[in-house]
Amino acid sequence: MSDPFIQNEQYNLIKEQVMLVKESRMQSLPPSVLRAVIDLAQSKVMYAFPEATTEQLKLLQFTTLQTNEAFDEYMQRLREWVQPFPVISAEQLKSLFPKQKKLRLPELSDVDFGRLTYLGWNDGRSNQKLIICQYEGQLIGIACKPSTNTKKNICAFCNQFTDVTYCVTITKAKQAKNPDYYKAIGTYVCVDSKTCNEHITSQEALHTFVHTALQT
Ligand SMILES: [Zn+2]
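Under an unreviewed UniProt entry, the name given to the protein chain is Fibronectin-binding family protein, and the organism recorded is Exiguobacterium sp..

Now the structure itself:
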């Protein structure tokens, strides 16, 4: 058997699609319509795994499942194939933010590394949101300043309409017209990183944010 091949956000995508199928099965849809819903959901899942082996694709198959129990078992079985986020020590965390001597670290023993696309936490003392993710094979730490007010809006990372703050980070790029200032970028991000990680279905927006923040 192969190694874990499902990333947290892919697992969330599968969960989302399975939920959609389960809900559609409860409605009295014409069989051909229900079939189309199931096929579309299945292809969205397959599309998220362009490099999967035949064996892995077989594990992802849910078109033949009939009952809610079978879907729940399927989701449970896939949990075993989820690749956990690298377990990080407090020392490693600190080394990602070398200039921040007083950084308050998250309670690492409370973090479920098996369900993370990124590690995020709010440091109220320094009024920062810290984000750690894997980017191009490396662990990257980004420090953001969140807006003081929380509001309901769409989180850029997970696409949920929820409590967000506007998080701004300073990039390494200089502003073209004003070389003394570094460029800042901002985006709405969930206040609660744990729920964000439970809903994120793609790394795309997160990686775009990190990519822009690292630009020189
Ligand atoms: Zn979010």
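Enquirer: Please clarify how the nonpolar core should be interpreted in this entry.
Expert: One broad trend across soluble globular proteins is that nonpolar side chains are buried collectively. Core analysis: the largest hydrophobic core is formed by 24 residues, its most contacted members being Ile6, Ile14, Phe49, Leu60, Phe62 and Tyr74. Sorting the residues of this core by element identifies helix H1 (8-26), helix H2 (31-47), helix H3 (54-60) and helix H4 (68-79) as the ones contributing at least two each. Once residues within four sequence positions are removed from consideration, Phe62 is found in contact with Val18, Val21, Ile38, Ala41, Gln42, Val45, Phe71 and Tyr74. Residues Cys158, Ile185, Cys190 and Val210 belong to the second largest nonpolar core, which totals 21 residues.

Enquirer: Help me understand the UniProt feature "domain: Elongation factor G-binding protein N-terminal" (unreviewed entry) in the protein chain in this model?
Expert: The sites that UniProt annotates as "domain: Elongation factor G-binding protein N-terminal" (unreviewed entry) are residues 5-86. Taken end to end, residues 5-86 is 67% helix and 0% strand, and its first and last C-alpha atoms sit 14 Å apart.

Enquirer: It is not clear to me how H4 should be interpreted in this structure. Could you clarify?
Expert: Note that an α-helix has 3.6 residues per turn; residues three or four places apart therefore point the same way. In a regular helix each residue adds 1.5 Å, so 12 residues correspond to 16 Å; H4 covers 17 Å between its end C-alpha atoms and thus fits that length. Along H4, the positions that sit buried rather than exposed are Ala70, Phe71, Tyr74, Met75 and Leu78. Down the axis, H4 shows its buried residues gathered within 140° of arc, on one side only. Every exposed residue of H4 that faces more than 90 degrees away from the buried side is listed here: Glu69, Glu73 and Gln76.

Enquirer: In this structure, what is going on with the pattern of salt bridges? I would like to understand it.
Expert: Pairs may arise between side chains of opposite charge once their charged atoms sit close together. The full count for this structure, using the stated rule, is five salt bridges. Linking Asp72 and Lys22 is a salt bridge whose minimum nitrogen-to-oxygen distance equals 2.7 Å. Separated by 50 residues along the polypeptide, Asp72 in helix H4 and Lys22 in helix H1 bring together distant segments of the chain. When its relative accessible area of 41% is taken as the criterion, Asp72 is described as partly exposed.

Enquirer: Explain the coordination of the zinc ion here, please?
Expert: Put simply, a metal with four donors set out as a tetrahedron has ideal angles of 109.5 degrees, and one with six donors set out as an octahedron has ideal angles of 90 or 180 degrees. Cys155 (SG), Cys158 (SG), Cys190 (SG) and Cys196 (SG) make up the full set of protein donors to the zinc ion, lying at 2.2 to 2.3 Å. The sequence motif formed by the donor residues of the zinc ion is C-x2-C-x31-C-x5-C.

Enquirer: Where do I start with the layout of surface pockets in this structure?
Expert: Here the idea is plain: a probe the size of a water molecule rolls over the atoms and shows the empty space left. Taken as a whole, the largest pocket holds about 650 Å³ of empty space. Lining the largest pocket are 20 residues, with Gly141, Ala143, Thr169, Ile170 and Lys172 sitting closest to its centre. Secondary-structure elements contributing two or more residues to the lining of the largest pocket are strand S3 (138-146), strand S5 (161-175) and helix H7 (204-214). In terms of residues, the lining of the largest pocket owes the most to one element, S3, which gives seven residues. Taken together, the residues that form the lining of the largest pocket break down as 12 nonpolar, five polar and three charged. Here the second largest pocket defines a volume of roughly 310 Å³. Looking at the second largest pocket, it is lined by 16 residues, and the ones nearest its centre are Asp110, Val111, Asp112, Leu116 and Lys194. For the lining of the second largest pocket, the secondary-structure elements that each account for two or more residues are strand S1 (118-123) and helix H6 (193-199). Of the residues belonging to the lining of the second largest pocket, the class tally is six nonpolar, three polar and seven charged.

Enquirer: Before we go on, may I ask you to explain the side chain of Gln42 in this structure?
Expert: Relative to the helices and strands, Gln42 resides in helix H2. Each residue touching Gln42, except ones within four places of it in the same chain, is listed here: Leu60, Gln61, Phe62 and Thr63.

Enquirer: Even after reading the chapter, I still don't get unusual backbone geometry, so can you show me in this structure?
Expert: Apart from glycine, the bulk of residues carry a negative phi angle, and the bulk of peptide bonds sit in the trans form. A positive phi angle, close to 50°, is found at Glu136, a residue other than glycine. Positionally, Glu136 belongs in the loop between strand S2 (128-135) and S3. Note on Glu136: relative accessible area 67%, which makes it exposed. Phi angles above zero are rare outside glycine, and Asn159 is one such case at about 70°. For Asn159, the location among the structural elements is in the loop between strand S4 (151-154) and S5.

Conventions and cut-offs
Residues numbered from 1 in each chain as written. Predicted model: local features only at pLDDT ≥ 70, side-chain atom pairs only at ≥ 80, totals over all residues. Heavy atoms only, no water. Core = buried A, V, L, I, M, F, W, Y, C linked by side-chain atoms within 4.5 Å. Buried < 20%, exposed > 50% of the residue type's maximum accessible area, 1.4 Å probe, protein only. Helix = DSSP H or I, 4+ residues; strand = E, 2+ residues; numbered from the N terminus. Contact = heavy atoms within 4.5 Å. UniProt positions renumbered as here; feature names shortened; annotations may be inferred. Expected span 1.5 Å × (residues − 1). Arc of directions from axis to C-beta. Salt bridge = Lys/Arg side-chain N within 4 Å of Asp/Glu carboxyl O. Donors = N, O, S within 2.8 Å, 3.2 Å for Na, K, Ca; no water. 1 Å grid on protein atoms, 1.4 Å probe; cavity = no way out; pocket = protein on both sides within 12 Å on 5 of 7 lines; lining within 4 Å. Points joined across faces, edges and corners; volume = space filled by probe spheres on them. Nonpolar A, V, L, I, M, F, W, Y, C, P; charged D, E, K, R; others polar.

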